[in-house]
Amino acid sequence: MWWQEPWVWVVAAAVMGGAEMLLPGFFLLGFAAGALLVAGLLWLGWLGGSLPALILVMTVAAIAVWLIARKLAGVRAGQTRIWDHDINEN
């Protein structure tokens, strides 16, 4: 089937990576990395062609990448903005 081909997953990763540039939050970045991981595992022959297994691997990788990206680029503790004046005050 088509989902057993590594190039399909590489194309999906490229599309999601391109869409990530338009959307905030590192949401699609994880799915793009997961799709690349699935493509690599399919190419090496380490992952079978079962669609539920492929989706599970992609999802676990996406969650891991999202958590890592959130930790590295997310809001840090103590990064709260404190307003000391109002822009409407003279």
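Residues numbered from 1 in each chain as written. Predicted model: local features only at pLDDT ≥ 70, side-chain atom pairs only at ≥ 80, totals over all residues. Heavy atoms only, no water.

- The name an unreviewed UniProt entry gives the protein chain is NfeD family protein, with Rhodobacter capsulatus as the organism.

## A look at the side chain of Glu20
In step 1: Mapped onto the secondary structure, Glu20 falls in helix H1 (residues 6–20).
In step 2: In terms of polar contacts, Glu20 uses its side chain to reach the backbone amide nitrogen of Phe27, at 3.4 Å. (Helix = DSSP H or I, 4+ residues; strand = E, 2+ residues; numbered from the N terminus. Polar contact = N/O pair within 3.5 Å; in protein donor to acceptor, adjacent residues only side chain to side chain.)

## Some points on helix H2 (residues 27–44)
In step 1: For H2, built from 18 residues, the straight-helix expectation of 26 Å at 1.5 Å per residue is met to within 8% by its first-to-last C-alpha distance of 27 Å.
In step 2: Restricting attention to buried positions, one finds in H2 the residues Leu28, Gly30, Ala32, Gly34, Ala35, Val38, Ala39, Leu41 and Leu42.
In step 3: Packed against the buried residues of H2 are H1 and helix H3 (51–73).
In step 4: Where H2 ends, the next residue or the one after it, Gly45, has phi of about 85°, a positive value. (Expected span 1.5 Å × (residues − 1). Buried < 20%, exposed > 50% of the residue type's maximum accessible area, 1.4 Å probe, protein only. Contact = heavy atoms within 4.5 Å.)

## Quick look at the environment of Ile55
In step 1: Along the polypeptide, Ile55 turns up in helix H3.
In step 2: On the basis of relative accessibility, which here comes to 43%, the residue Ile55 falls in the partly exposed class.
In step 3: Sequence separation of Ile55 and Gly34 is 21 residues, and the distance between their C-alpha atoms is 8.9 Å.

## Concerning the packing of H1 against H2
In step 1: Packing of H1 against H2 brings their axes to within 8 Å, and their N-to-C directions diverge by 165°. Between H1 and H2, the angle falls in the class roughly antiparallel. Once H1 is placed against H2, the crossing between them reads as left-handed. In contact with Pro6, Trp9, Val10, Ala13, Met16, Gly17, Ala19 and Glu20 of H1, H2 contributes Phe27, Leu28, Leu29, Phe31, Ala32, Ala35, Leu36, Val38, Ala39, Leu42 and Trp43.
In step 2: By residue class, the composition of the contact of H1 with H2 is 17 nonpolar, one polar and one charged. (Axes fitted to C-alpha atoms, helices over the stretch in contact; angles between N-to-C directions. Parallel < 35°, antiparallel > 145°, perpendicular 65-115°, else oblique. Left-handed = near helix turned anticlockwise from the far one by under 90°. Nonpolar A, V, L, I, M, F, W, Y, C, P; charged D, E, K, R; others polar.)

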